[in-house]
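Structural features, examined
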Amino acid sequence: MNNRSFYITTAISYVNGVPHLGHAYEAIATDVIARHMRQRGLDVFFLTGTDEHGEPVADAARAEGIDPQRLADRNAERFKALMPLLSVSNDFFIRTTDEEHQRRVQAVLQRVHDNGHTYKGLYEGWYCPRCADFKVENEILEGNLCPIHESALTREQEENWFFRLSTFQEPLERLFDGQRDFVMPSRPFNEARSFIASGLQDVSLSRARLNWGVTVPWDPSHVFYVWFDALLNYYTALGYARDGHDLTDEFWPATYHVIGKDILKFHTIFWPAILLAADLPLPHHVFVHGFLLGADGRKMSKSLGNVLDPFEVIDELGTDPLRFYLLRDVAFGGDGAVGMDAVRARYESELANEYGNLASRTIAMVRRYRDGVVPEVAVDPELGAEFEGLRDRVAELLDRAEVSQALELIWQRVRRANRYVEERAPWQLARDPSAAGNLDRALASLAEAVRVLSVLLHPYMPSSTVKLLDAVGAPELGWDAAAFGERGTGTRHAALEPLFPKR
Ligand code: MSP
């Protein structure tokens, strides 16, 4: 890995269900970071995909009377097709049923075995079939319920290969204590740290009863426990994503794994431990986001009728408004309620009335008062001061995956630029021939503000910002173009349909 490389991943989705807003949310947030890093000139590799083995998928297929591979093929296609609909710019889509993935999982875990980190034993414990996870005592809710699904756990016993997770207690403590940003934000960091402190127990590495999985090479009557197969996707994909070109040296270790809070233990404890056991370098950061809830603040569920359907939002308002809404309305990292009324309200008040209006007023005034050419004069230092350091602060926030905070910072300038229009009132200046210089300056400054804001907003709303930047004759998206200066002066503004028409 060189220091221009930036490797970012989402969790891979289970194929026993179909895509929903939670999946879209994670993919969009990750995409914002990926696009931003590309703007900064980094060499980005962005991975997403599907998690296709394990009991829940085998069970769902059995319930439909079909082969698990058929179910996986059908649903993986839906997840894959969702990405372009969301304008998600992933560089590869991994499926854990890919032959190439399976072969590499076997190779890595064989090394874990050869390094002496496995043993055969009898496992008995409380198992959640929906999580595909044995729960440890301190996680289990009263009445033997799953802490995540609140559904009944079953008592299971079987012969397994075990992974000696307990021997990684100290290395993991050192990792967490030496690298406070290994897990972000601090709440999940602390949660994972106390889980480690409470004492790590060995975990099952294989299952004997199941055949829907990757075969254990040293004991072919077993398949690997689905979580190890799944976690390894982040590593295996680099080996075969590009035909004839292994990207592992270029991109491993990952810069960011973006995950939801329900899969914290796997990514912050099992994952680094298995990598250490295989002598592989550890990822730099795991960023943990919260959960989207129904508008009533409860878990989204079809039966409660509080589900926000991403496809409905896209049909009614478009992809950019969906992306914007999700990152604006829910502070990334926390939980938040989402609903169609709130989407419409933000669309109207912020996209149409603030950003959209700023852009259309600016273009209209440049066309009306200056024949569409932005005056080539110095920009107003008063507005310039508002943009001072903005680019760097946005970059710093996005380095920490603070996607919503960065958006808020940009949005404050959208509002500031709108106030600037009111303060300068170009329509009044236009009536007074002696104010021509002031009008030139106001128009040049506004054109520059619209341009810079669109460059900064590009990762959030890729297609509207490109349309706008094309219309103002300044299509550059690189990080240099995010500095407020004189780049937007002298350019020609073309007419543009409203980006966010009123509904
Ligand atoms: N297959 C595992 C992940 C394996 S990664 C090596 C899995 N799949 S999942 O389909 O259940 O979830 C995929 C991602 O979506 C997870 O990060 C999960 O937290 C996230 N979300 C699922 N529902 C969500 C919400 N309602 N809100 C936000 N994100 C949620 O877990």
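For the structure itself, look to the data block above.
To start, this report covers the structure provided alongside it. These figures come from a predicted structure and were not determined experimentally.

A few words now on the overall build of the protein chain. The secondary structure content of the protein chain amounts to 19 helices and 15 strands. For a compact globule of 503 residues, the expected C-alpha radius of gyration is about 23 Å, and the protein chain comes in at 26 Å, within 12% of that figure. Based on the C-alpha atoms only, the size of the protein chain along its principal axes is roughly 90 × 50 × 40 Å. Of the contacts formed within the protein chain by residues at least 6 apart in sequence, a portion of 77% connects residues at least 24 apart. Of the accessible surface of the protein chain, which amounts to about 20300 Å², a share of 47% is contributed by carbon and sulfur atoms. One way to put it: in the protein chain the 54 positive side-chain charges average out to a point 4 Å from where the 72 negative ones average out.

On to the site of the ligand. Neighbouring the ligand are 24 residues; Ile-12, His-23, Glu-26, Asp-51 and Asp-262 lie closest to it. Within the contact set of the ligand, an oxygen atom lies 2.9 Å away from a side-chain nitrogen or oxygen of His-23. One of the backbone N or O atoms of Leu-292 is found 3.0 Å from a nitrogen atom in the ligand. Isolated, the ligand exposes 660 Å² of accessible area, and the fraction of that covered by the protein chains is 92%. If you list the elements that add at least two residues to the shell around the ligand, you get strand 2 (13-14), helix 1 (21-39), helix 7 (226-231), helix 8 (233-240) and strand 12 (256-260). Looking at which element gives the most residues to the shell around the ligand, the answer is helix 1, with 4 residues.

The tally for this structure, following the rule as stated, stands at 28 aromatic pairs. Ring plane angle 75° and centroid distance 6.1 Å describe the contact between Trp-252 and Trp-271, whose orientation is recorded as edge-to-face. Taken as a pair, Trp-252 in the loop between helix 9 (248-251) and strand 12 and Trp-271 in helix 10 (residues 264-277) lie far apart in primary sequence, 19 residues in all. Of the two residues, Trp-252 and Trp-271, neither departs from the other in class, the shared state being buried. Against the face of Phe-266 rests Lys-265, its NZ or CZ located 5.4 Å from the ring centre.

Among the 6 residues of strand 1 (residues 5-10), 6 are classified as buried, and the element is accordingly described as predominantly covered. The two faces of strand 1 match: Ser-5, Tyr-7 and Thr-9 on one face and Phe-6, Ile-8 and Thr-10 on the other face are all buried. In this structure, strand 1 lies alongside strand 12, joined through 3 bridges in parallel fashion. The residue bridging Thr-9 from the neighbouring strand is His-257, located in strand 12.

The subject of this paragraph is the environment of Ala-378. Take Ala-378: it is sitting in the loop between helix 13 (340-370) and helix 14 (381-387). Residue classification places Ala-378 among the partly exposed residues on the basis of a relative accessible area of 48%. C-alpha separation for the pair Ala-378 and Tyr-119, spaced 259 residues apart in sequence, amounts to 72 Å.

One pass over the full model with this rule turns up 35 salt bridges. Residue Glu-158 pairs with Arg-207 through a salt bridge whose shortest N-O separation is 2.8 Å. One end of the pair, Glu-158, is in strand 7 (residues 154-163); the other, Arg-207, is in strand 10 (residues 206-207), with 49 residues separating them in the sequence. On the basis of relative accessibility, which here comes to 3%, the residue Arg-207 falls in the buried class.

Formed by 96 residues in total, the largest nonpolar core has its most connected members in Leu-326, Leu-327, Val-338, Trp-411, Tyr-460 and Met-461. It is helix 18 (residues 436-457) that provides the largest number of residues to this core, a total of 13 residues. Non-local contacts of Leu-326, meaning those with residues more than four positions away in its chain, are made with Leu-21, Tyr-25, Ile-28, Leu-292 and Val-338.

Further remarks concern the environment of Ala-11. With respect to the secondary-structure elements, Ala-11 resides in the loop between strand 1 and strand 2. Ala-11 gets classed as buried once you look at its relative accessible area, which sits at 14%. Expressed as a C-alpha distance, the spacing of Ala-11 and Thr-48, which sit 37 residues apart in the sequence, is 6.8 Å. Excluding residues within four positions of it along the chain, Ala-11 makes contact with Glu-26, Thr-48, Gly-49, Tyr-234, Val-258, Ile-259 and Ile-263.

To continue, consider the side chain of Ser-204. Assignment of secondary structure puts Ser-204 in strand 9 (residues 203-204). A polar side-chain atom of Ser-204 sits 2.5 Å from a polar atom in the side chain of Asn-160.

For the rest of this paragraph, the subject is the sheet that holds strand 5 (residues 118-128). An order of 6-5-7-9 is seen for the 4 strands of this open sheet, with the pairing classed as antiparallel. The open sheet has two edge strands with one neighbour each: strand 6 (133-135) and strand 9. For strand 7 and strand 9, the ladder comprises 2 bridges, and the chain directions are antiparallel. Directly across from Phe-162, in strand 9, lies its bridge partner Ser-204.

With that out of the way, let us pick up the side chain of His-285. Mapped onto the secondary structure, His-285 falls in strand 13 (residues 285-289). Setting aside anything within four residues of it in sequence, one finds His-285 in contact with Asp-181, Phe-182, Met-184, Thr-255, Tyr-256 and His-257.

The rules behind these values
Residues numbered from 1 in each chain as written. Predicted model: local features only at pLDDT ≥ 70, side-chain atom pairs only at ≥ 80, totals over all residues. Heavy atoms only, no water. Helix = DSSP H or I, 4+ residues; strand = E, 2+ residues; numbered from the N terminus. Rg over C-alpha atoms; globule rule 2.2 N^0.38 Å. Contact = heavy atoms within 4.5 Å. Areas by Shrake-Rupley, 256 points an atom, 1.4 Å probe, with all protein chains shown as cover. Lys, Arg positive; Asp, Glu negative; His and termini not counted. Charge placed at Lys NZ, Arg CZ, Asp CG, Glu CD. Near = heavy atom within 4 Å. Polar contact = N/O pair within 3.5 Å; in protein donor to acceptor, adjacent residues only side chain to side chain. Phe/Tyr/Trp six-rings, centres within 6.5 Å; stacked < 30°, edge-to-face > 60°. Buried < 20%, exposed > 50% of the residue type's maximum accessible area, 1.4 Å probe, protein only. Lys NZ or Arg CZ within 6 Å of the ring centre and 35° of its normal. Pairing = 2+ DSSP bridges. Salt bridge = Lys/Arg side-chain N within 4 Å of Asp/Glu carboxyl O. Core = buried A, V, L, I, M, F, W, Y, C linked by side-chain atoms within 4.5 Å.

So yeah, pure geometry; function would need other evidence.
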